[in-house]
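Listed below, chain by chain, are the residues.
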Amino acid sequence: MNDVIGYAPWLVGFPLVGAAVLLLGGRALDKWGHWIGVLASSASALLGGWLLFRMIGADPAERVADQRLWTWMSAGGLDVDLGLRLDPLSMTFVMLVTFVGTLIHFYSVEYMAHDPHRRRFFAYLNLFIAAMLVLVLADSYLVLFVGWEGVGLASYLLIGFWDHKRPNAVAAKKAFVMNRVGDMGLIVAMALLFAHTGALDFGTLFDAGDAGAGEGLAEATGAVSTLDQGTATAVGLALLLAACGKSAQFPLQAWLGDAMAGPTPVSALIHAATMVTAGVYLLVRSGPILDAAPTAQLVIVIVGTVTLIFGAIIGCAKDDIKKALAASTMSQIGYMMLAAGLGPVGYAFAIFHLLTHGFFKAGLFLGAGSVMHGMKDEVNMRGFGALRRVMPLTAWSMFFGWLAILGIPPFSGFWSKDKIIEAAFTGEGWQPWVFGGAALIGAGITAFYMTRLMTMTFWGRPRWTEPEYHPHESPALMVWPQVILAVGSIALGGVLAFGDVFTTWLEPSVGHVEHHEPVLSVPVLMGATIAVVVVGALVGYLMYRRDVPAEAPRGSVLTRAARRDLFQDTVNEGLVMKPGQGVTAVLVTADTGVVARGWGVLAVGLAGLGAWLRRAQTGYVRAYAASMAAGVLIIGAVIVLVATLGPTAGA
Amino acid sequence: MDITNYVVLACILFAIGATTVLLRRNAIVVFMGVELMLNATNLVFVTFARIHGDLTGQVLAFFVMVVAAAEVVVGLAIIVTIFRTRRSASVDDVNLLHG
Amino acid sequence: MTPDMAGMTTSGGEAFLFWVLAPLMVLAALGLLFVRRAVHAALCIVFVMVSLAIMYIASSAPFLGVVQVVVYTGAVMMLFLFVLMLVGVDASDSLTETIRGQRWIGLLLGLGLAVVLIGVVSQAAFRPGTPLTEDQVANPVGLARVLFGDYVLAMETVGVLLVTAAMGALMLTHRRRLEPKRTQRYVAEQRVKALPEGGTLTPLPAPGVYAQTNAMDVPALGPDGRPLEHSVSRVLRIRGQEKAAPASLVETGPAGEVSTVRTGTDGGEDA
């Protein structure tokens, strides 16, 4: 691997250059600039594919390669090198980001065709790709943090892309601020790590020298192993906070729904496939720390479980097709977090589900975008229905995405999700029953709301009228990415799960996993899962197959709560925003009343003093001469007095 | 007679010169007051040169004279210029720099 | 300040000279404060300066005494008088004070300055000195040694200063020509032009009635025997120093006509 790692910086370099050219190029690039963005992303994807090919060909022991580009800062005991790490984990992400990213670039060419700021959109997309690649390729927490902030910035810019609409600008701000809360966690984690180990790079922290580099993290004896239990727990919880902010996990989940205000390709790329999964990546990458902190792992599992149920419930009540998908994303990432919290037994499945989810959720979002494209940007599913006839390709691609997310064998989701549910049932005591049960129920609810979405959109009777809406199939550039992603939704999971290819592949990064027996036998669990899913799907189909009222019925207490995102905004406002506003109001009053007025009085007083003193300036030379003479006189008098009294006083 | 009487005389002349500067308004007379003050200091220099038996005092008095001559040349030129524009030699008429 | 210190007392003759000159100098200096006219003030200060020169010579500084006369009374004060002639002869300085309280403040400060300075002198304890030798006093060679030895750099600098001051004075008093030069032809043409408005072609008549007086302050008599007011200098007229023409030469006729009485020389025929 070491012979080709010199090309790795170009993975980041292509999209970064693309973003710079597009941003600095000005209006001259408005007509064809988007192709620069597509080209940059494609180049990165091709390079990534070649590197992946080389890595597959390399000996498993040599699949981890670090490249130090240059010394970023050197201060006392802190030496931060700007470096990249290529290993199976980062390579997986590189492929996901560049491949899905490139598809979405193509999709956006058509989707944003009528937007006057398409060039800026592609610049931001490229910026995002570059930042995300920095995040996953980083060889230290500090470089990772750069990418972490970079994707936050790109997310902010893209959510608020249509910032002339106030709700979009507010949503962008909300996402940014809530991400900052998570970023604090990452900063604290880095500070703790540095204080206790003196290093921030993965090599020093996790690898036990050259000999242990290829053996996996399970036997890692890097600097992390010197951490005591309490510190490891603190670092783990801080990392969890960071992951919660970025991955929209409970309790920092509120921004994701509003982030759907951005263009749909953005929702597909950033808020479904890649950026929101960065939290999972962070936790998996920090595996050795979590292994040393069982308490932190338990908290992660709880957070993941709560979020997967939370998101699933919200998803059942949303009529906005994008918000329903966003809730689904939240829920699916909850599954990944749950897996990541289970320890080495779950890391590989977390990443596996992340990968398959990246494909089928991106496909679903692109399908939703395609539907919106045909329905005059309408997002309310109560206005859809029977669209499969007018946009068959979109319907088929979403259909396979639907099967994948449901976890119907042999589609992608089955291979990853079922493993996570299986892993959740592993362990001792009450935990497997609670977490496993929740994961199982979550799968059922997922089946319900996804079927509801599909039924309301594509099946049933049309609730739109022809002259007002003219639904039509989207252009080829939009459809083909959906088709490709649908193929991924169908086959990817099965291909990678065959003979445990993927888990073996990830071993150099996340360690080898001994198979653990769940508390129930595997076939029983598999059967139960499929049964629950089928029941959920049937209920969903039967409920929404017939007429859906254009106005949402009042619904039960739970429905109303779910429509309001289970009061997440109310809670945030009550706990954080209102007290903050109160403090601000008090400070403003204090500032204007005391500080500002005080300075005002001082200024007026000084001005008055100046006006009074000004009268001394008569302009008459003789008056000035008189004051000079007075000064001379005083000095002379003092000299005389000192000369007269001085010796007397001394004697 | 005590030789310091010269110094006392110089002090009186100096004070009168200073008072002239403060009281007279004709710029030329004010200038004469300045000259009187310079002459008073010269007398002090000469007297102290005599007391100490050191010619340096006289040399300094000589320098004062030369510098005073230069000063008079420039000062009177300024007075002439001001008189040309304002038709007045009164120092009180030049009072634009007031607060 | 003990009298028996070497070099601290003077001879009787010098003491006499001092006691005669000093009060006069103080009086003349006070004249600077109290006289109305700048010319008188200049004369007062000239007196002070000449007296100072005498004192220098008496105080073993003959060279400085000479320089004092040459530079101050000879050059500086003459310059003062020139400027006075240029700017201020017909403007008399009023002694009324315009700045409120300035007079009292000035007097107080002057008095205070005198008191403090004299206080310093009377308080000071002088070191026993060594009087100047006869050799040092008699010729300026000793002075020249110090001047061109220890102070040669200052000497050169002062030379530069003098040149600079001369240049500065030139610059300050230089006046750019804003209108065409008044040539003889131009003046003549202007006079011809001014003729209809009552101007004269000829130069103004000279003052004075030569038969009886030769003074500048008496107006000349015209051909008709009337006194010509504009023949007297403007300065004298403004000052009010103009004298009337001799009354015997001017007579008012019954019809208000002025006629000249022929007495002695015939002024009318002269004109």
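Just so it is clear, the structure is predicted and the values come from calculations on it, not from any experiment.

Chemist: How should I be thinking about the overall build of chain C in this particular structure?
Modeler: The helix and strand tally for chain C stands at ten helices and four strands. Element order for chain C, N to C, with α for helix and β for strand: α-α-α-α-α-α-α-α-β-β-α-β-β-α. The buried share of chain C, reckoned over its 271 residues, is 20%. Sequence separation of at least 24 residues holds for 49% of the intrachain contacts in chain C that already meet a minimum separation of 6.

Chemist: Is there a simple way to explain the overall build of chain B in this structure?
Modeler: Scanning chain B for helices and strands turns up three helices and zero strands. Starting at the N terminus and walking to the C terminus, you meet the elements of chain B as α-α-α. For chain B, the proportion of its 99 residues judged to be buried stands at 62%.

Chemist: Help me understand the interface of chain B and chain C, please; the structure alone is not making it clear to me.
Modeler: Interface extent is often summarised as the accessible area lost during association of the parts. On the side of chain C, 73 residues touch chain B, which itself brings 60 residues to the contact. No other element matches helix H3 (residues 56-86) of chain B, which puts 21 residues into the side of chain B that touches chain C. Of the residues in the side of chain B that touches chain C, the class split is 42 nonpolar, 13 polar and five charged.

Chemist: So what exactly am I meant to see when it comes to the nonpolar core here?
Modeler: Nonpolar side chains in soluble globular proteins generally cluster together in the buried interior. Membership of the largest hydrophobic core comes to 205 residues, with the highest contact counts inside it found for Phe128(A), Leu133(A), Val280(A), Leu338(A) and Ala362(A). Among the nonpolar cores identified, the runner-up in size contains 84 residues, and Ala89(B), Ile45(C), Met55(C) and Ala58(C) belong to it.

Chemist: It is not clear to me how the interface of chain A and chain B should be interpreted in this structure. Could you clarify?
Modeler: With eleven residues of chain A in contact, the opposing surface of chain B contributes eleven residues. When residues of the side of chain A that touches chain B are assigned to their parent elements, the largest contribution, five residues, is made by helix H25 (residues 621-650) of chain A.

Chemist: Explain the environment of Leu24(A) here, please?
Modeler: Looking at the secondary structure, you find Leu24(A) in helix H1 (residues 8-25). Between the C-alpha atom of Leu24(A) and that of Ala123(A), which follows or precedes it by 99 residues, the distance is 9.6 Å.

Chemist: In this structure, what is going on with the packing of helix H9 (residues 229-247) of chain A against helix H12 (residues 278-285) of chain A? I would like to understand it.
Modeler: All names here are of chain A. The contact between H9 and H12 brings their axes to 7 Å, and the two run at 160°. Taken together, the axes of H9 and H12 lie roughly antiparallel to each other. Of the residues in H12, those touching H9 at Leu 239, Ala 242, Ala 243, Cys 244, Lys 246 and Ser 247 are Ala 278, Gly 279, Val 280, Leu 282 and Leu 283. Of the residues in the contact of H9 with H12, the class split is eight nonpolar, two polar and one charged.

Chemist: Please explain unusual backbone geometry as it appears in this structure.
Modeler: Residues and elements named next belong to chain A. Between Phe 250 and the following residue, Pro 251, the backbone shows a cis peptide bond with an omega angle of 5°. Note that Pro 251 resides in the loop between H9 and helix H10 (255-258). In this structure, the amide linkage connecting Pro 409 to the following residue, Pro 410, adopts the cis form with an omega of 5°. Unlike most non-glycine residues, Ala 248 shows phi in positive territory, near 55°. Here Ala 248 lies in the loop between H9 and H10. Even without being a glycine, Lys 376 presents a positive backbone phi close to 55°. Residue placement: Lys 376 occurs in the loop between helix H16 (344-374) and helix H17 (392-406). On the neighbour-count criterion, Lys 376 (12 C-beta atoms within 10 Å) is exposed.

Chemist: Would you mind showing me how to read the pairing of strand S2 (residues 78-86) of chain A here?
Modeler: Residue and element names in this part refer to chain A. With nine bridges connecting them, strand S1 (residues 65-75) and S2 associate as antiparallel partners. Paired with Asp 66 across the bridge in S2 is Arg 85. Taken together, S1 and the strand that follows it, S2, pair antiparallel across an intervening segment of two residues, in which Gly 76 is found at a positive phi of about 60°.

Chemist: Can you help me understand the confidence of the model for chain C in this one?
Modeler: Interpretation of the predicted coordinates at a detailed level should be avoided for regions scoring low in pLDDT. All names here are of chain C. For chain C, the average pLDDT comes to 79, and 80% of its residues sit at 70 or higher. Counting interchain partners and residues more than four positions distant, the pLDDT-below-50 stretch residues 1-5 has seven contacts. Counting interchain partners and residues more than four positions distant, the pLDDT-below-50 stretch residues 255-271 has 28 contacts. Scoring the predicted complex yields pTM 0.62 and, for the interface, ipTM 0.92.

Chemist: I'm lost on the confidence of the model for chain B in this one. Help?
Modeler: When the pLDDT values of chain B are averaged, the result is 88; 99% of them are 70 or greater. Between the elements of chain B, mean pLDDT differs from a low of 90, seen in H3(B), to a high of 93, seen in helix H1 (residues 5-23) of chain B.

Chemist: Mind showing me how you'd approach the UniProt feature "transmembrane region" (unreviewed entry) in chain B here?
Modeler: Residue and element names in this part refer to chain B. When the UniProt feature table is mapped onto this chain numbering, "transmembrane region" (unreviewed entry) sits at residues 6-23, 30-53 and 59-83. Within residues 6-23, the helical portion is 100% and the strand portion 0%, while the C-alpha atoms at the span's ends are 26 Å from each other. Taken end to end, residues 59-83 comprises 100% helix and 0% strand; its first and last C-alpha atoms sit 36 Å apart.

Chemist: Can you help me understand H16(A) in this one?
Modeler: Within an α-helix, residues lying three or four positions from one another point in the same direction, as the helix has 3.6 residues per turn. Residues and elements named next belong to chain A. With 31 residues, H16 should cover 45 Å at 1.5 Å per step; its first-to-last C-alpha distance of 45 Å lies within 8% of that length. At His 357, H16 is deflected by roughly 25°, the largest bend along its length. Within H16, 28 of the 31 residues are buried, leaving the element largely enclosed by the surrounding structure. Following H16 by one or two positions, Lys 376 adopts a phi angle in the positive range, close to 55°.

Chemist: Just to check I follow, could you spell out the environment of Val12(A) for this structure?
Modeler: All names here are of chain A. Along the polypeptide, Val 12 turns up in helix H1. For Val 12, a count of 21 C-beta atoms within 10 Å translates into the label buried. With 115 residues separating them along the chain, Val 12 and Leu 127 place their C-alpha atoms 9.4 Å apart. Leaving out residues up to four positions away in the same chain, Val 12 has contacts with Ala 130, Leu 133, Val 134 and Leu 137.

Rules of the game
Residues numbered from 1 in each chain as written. Chains lettered and ligands numbered in written order. Predicted model: local features only at pLDDT ≥ 70, side-chain atom pairs only at ≥ 80, totals over all residues. Helix = DSSP H or I, 4+ residues; strand = E, 2+ residues; numbered from the N terminus. Buried ≥ 20, exposed ≤ 12 C-beta atoms within 10 Å, placed from the backbone. Contact = placed C-beta atoms within 7 Å. Nonpolar A, V, L, I, M, F, W, Y, C, P; charged D, E, K, R; others polar. Core = buried A, V, L, I, M, F, W, Y, C linked by C-beta atoms within 7 Å. Axes fitted to C-alpha atoms, helices over the stretch in contact; angles between N-to-C directions. Parallel < 35°, antiparallel > 145°, perpendicular 65-115°, else oblique. Pairing = 2+ DSSP bridges. pLDDT = per-residue confidence, 0-100. UniProt positions renumbered as here; feature names shortened; annotations may be inferred. Expected span 1.5 Å × (residues − 1). Bend = angle between axes of the 7 residues up to and from the residue.

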